[in-house]
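Each chain, letter by letter, is given below.
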Amino acid sequence: MAENTAVHKDIKEPLLRIEKNAGMSKWKAMGIRGIALVLALLVCGIFINAVGGLSLGEAFRQMWEGTFGVIGNARSIEIRCWNTAIFGAKLLCIAVALTPAFRMRFWNIGAEGQVLVGALATAIVMHDFSDSLRGPALYIVMMVVCVLAGSLWGFIPAYFKAKFGTNETLFTLMMNYVAMKMVDCFYNLWKGKKSSMEAINMDTHLGYLPDVLNHGYTINIIVFVLLAVLMFFYLKKTKHGFEIAVVGESQNTARYAGINVKKVIIRTMILSGAICGICGGLTVAGQSHSISSETTAGGYGFTAIIVAWLAQFNTLAMIAISILIMFLEMGTGQLGNAYPAFATGAGDVLIGLVLFFIIGCEFFVRYRLIFRGAAKRAEAKAAKGGEPA
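About the thresholds
Residues numbered from 1 in each chain as written. Predicted model: local features only at pLDDT ≥ 70, side-chain atom pairs only at ≥ 80, totals over all residues. Heavy atoms only, no water. Core = buried A, V, L, I, M, F, W, Y, C linked by side-chain atoms within 4.5 Å. Buried < 20%, exposed > 50% of the residue type's maximum accessible area, 1.4 Å probe, protein only. Helix = DSSP H or I, 4+ residues; strand = E, 2+ residues; numbered from the N terminus. Axes fitted to C-alpha atoms, helices over the stretch in contact; angles between N-to-C directions. Parallel < 35°, antiparallel > 145°, perpendicular 65-115°, else oblique. Contact = heavy atoms within 4.5 Å. Nonpolar A, V, L, I, M, F, W, Y, C, P; charged D, E, K, R; others polar. Salt bridge = Lys/Arg side-chain N within 4 Å of Asp/Glu carboxyl O. Patch = residues over 30% accessible without salt bridge, like charges linked within 9 Å, V, L, I, M, F, W, Y side chains within 5 Å. Areas by Shrake-Rupley, 256 points an atom, 1.4 Å probe, with all protein chains shown as cover. 1 Å grid on protein atoms, 1.4 Å probe; cavity = no way out; pocket = protein on both sides within 12 Å on 5 of 7 lines; lining within 4 Å. Points joined across faces, edges and corners; volume = space filled by probe spheres on them. Phe/Tyr/Trp six-rings, centres within 6.5 Å; stacked < 30°, edge-to-face > 60°.

(A) Molecular detail of the nonpolar core. Ranked by size, the top nonpolar core spans 96 residues in total, and within it Ile291 and Met318 carry the most contacts. Broken down by element, the residue count for this core peaks at 13 residues, all from helix α4 (residues 74–103). Counting six residues, the second-largest nonpolar core is a separate cluster that includes Met24, Ala36, Cys361 and Val365.

Structure representation (structure tokens):
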């Protein structure tokens, strides 16, 4: 017994321990995120001054004008705000699509491909069937095929994951490249010998979404925001949302509770792919009226992962996060146009710095660092407080 005690005394406590922080209040977590944002701005200010000799205020003004327009110039504000709204809504839609899969701990990295196949299916209908389908029938078929195409692209990796236990991260990632090459194939067929492909049905506008508030993509914005609201209630208030959460916490617990895990995985990924397909279909019908493996999804299938994580899978919070990402992306683009020093990748460094601090602070929200000396002082204080007066 004495020997065991001696051995125990020889074991030294590590200098630093990391423990999960389960009891942090909401306000303290918000405070940590606020401090991270302030630090990000300070570091960005130092970087901006070092690279371009600008003040943080001037850089912020340029970024604001690039995102929301020049203050006092109504035309500039209208153009910039609409532009930010459509791209921000598109990013929001893809993040919403990823949310149920991520809540289930199914790492869907294939949103880019799911958007592309939905866009391609819609483009095929517009290109090849607009003469035989007119009016509401054309729009109905366009929407049906984009949902089916996106659903199929979500179903395939989900089926193999549920049936054979394949790695969904690699599977969904590889399917992105299949979708890209399919789009490239049709793009080359349709453009023929021209240097680039013009808009589909440019003369007739068949399949184009009608203008609302003088813009064809207003419907896109409305639908994408509505999907975010519906997904919030779907995950919070429905049986399917509860099953997704349980499967995400523990598949064994879900099976013990009588939940068909394989069915939930497949059903959830079909939903995720379907929403991505809708995003692709509406992008073609209401915004670009064309397809391209580079611009139709625009890399948002990957950027949306950041949006989903930063919002902690809260689809309403994703609205604000999407605007923040657009501010960084479009703002740094404007900064590069105004100052050549930021036109060669310096703007991307700014985006990286801000995201580094914002994402990095989540570590301190979820975990706490305990140093050896602090732990001993806390134990001594607790022991002293427990002694009778």
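(B) Main features of unusual backbone geometry. A positive phi angle, close to 65°, is found at Arg105, a residue other than glycine. With respect to the secondary-structure elements, Arg105 resides in the loop between α4 and α5 (111–128). A positive phi angle, near 60°, is found at Leu213, a position not held by glycine. Mapped onto the elements, Leu213 comes out in the loop between α7 (168–191) and α8 (218–237).

(C) Local environment of the packing of helix α3 (residues 56–68) against α4. At a minimum axis distance of 6 Å, the contact between α3 and α4 shows a crossing angle of 80°. Relative to α4, the element α3 is oriented roughly perpendicular. Contact residues: α3 offers Glu65, Gly66, Thr67 and Phe68, while α4 offers Ile77, Arg80, Cys81 and Thr84. Residues that form the contact of α3 with α4 fall into these classes: three nonpolar, three polar and two charged.

(D) Representation of the pattern of salt bridges in the model. One pass over the full model with this rule turns up nine salt bridges. Here Lys161 ties to Glu168 by a salt bridge, and the two come within 3.1 Å at their closest N and O atoms. Look at Lys161 and you get partly exposed, because its relative accessible area is 24%. One salt bridge connects Glu243 with Arg267, and the closest N-O pair in it is separated by 2.8 Å. Of the two residues, Glu243 is situated in helix α9 (residues 239–249) and Arg267 in helix α11 (residues 261–288); the sequence distance between them amounts to 24 residues.

(E) Local environment of a nonpolar patch on the surface. Residues Leu15, Leu16, Ile18, Phe363, Phe364, Tyr367, Leu369 and Phe371 make up a contiguous nonpolar surface patch of roughly 740 Å² in combined accessible area. At the level of elements, β1 (16–20), α14 (346–366) and β2 (367–371) are the ones that each hand at least two residues to the nonpolar patch. By the secondary structure assignment, Leu15 is in the loop between α1 (2–10) and β1.

(F) Looking closely at the layout of surface pockets. Quantified by volume, the largest pocket comes out at close to 480 Å³. In terms of lining residues, the largest pocket is bounded by 17 residues, among which Arg105, Trp309, Gln312, Phe313 and Arg366 are the most central. Those elements giving two or more residues to the lining of the largest pocket turn out to be α9, α12 (300–310) and α14.

(G) A look at the packing of aromatic side chains. With the rule as written, the count across this model stands at 20 aromatic pairs. Measuring from ring centre to ring centre gives 5.8 Å for Tyr159 and Phe160, while their planes differ by 90°; the resulting arrangement is edge-to-face. Judged by centre distance (5.5 Å) and plane angle (90°), the ring pair of Phe232 and Phe233 falls under edge-to-face. By the ring-pair criterion, three or more aromatic residues cluster together here, those being Phe155, Tyr159, Phe160, Phe164 and Phe171.

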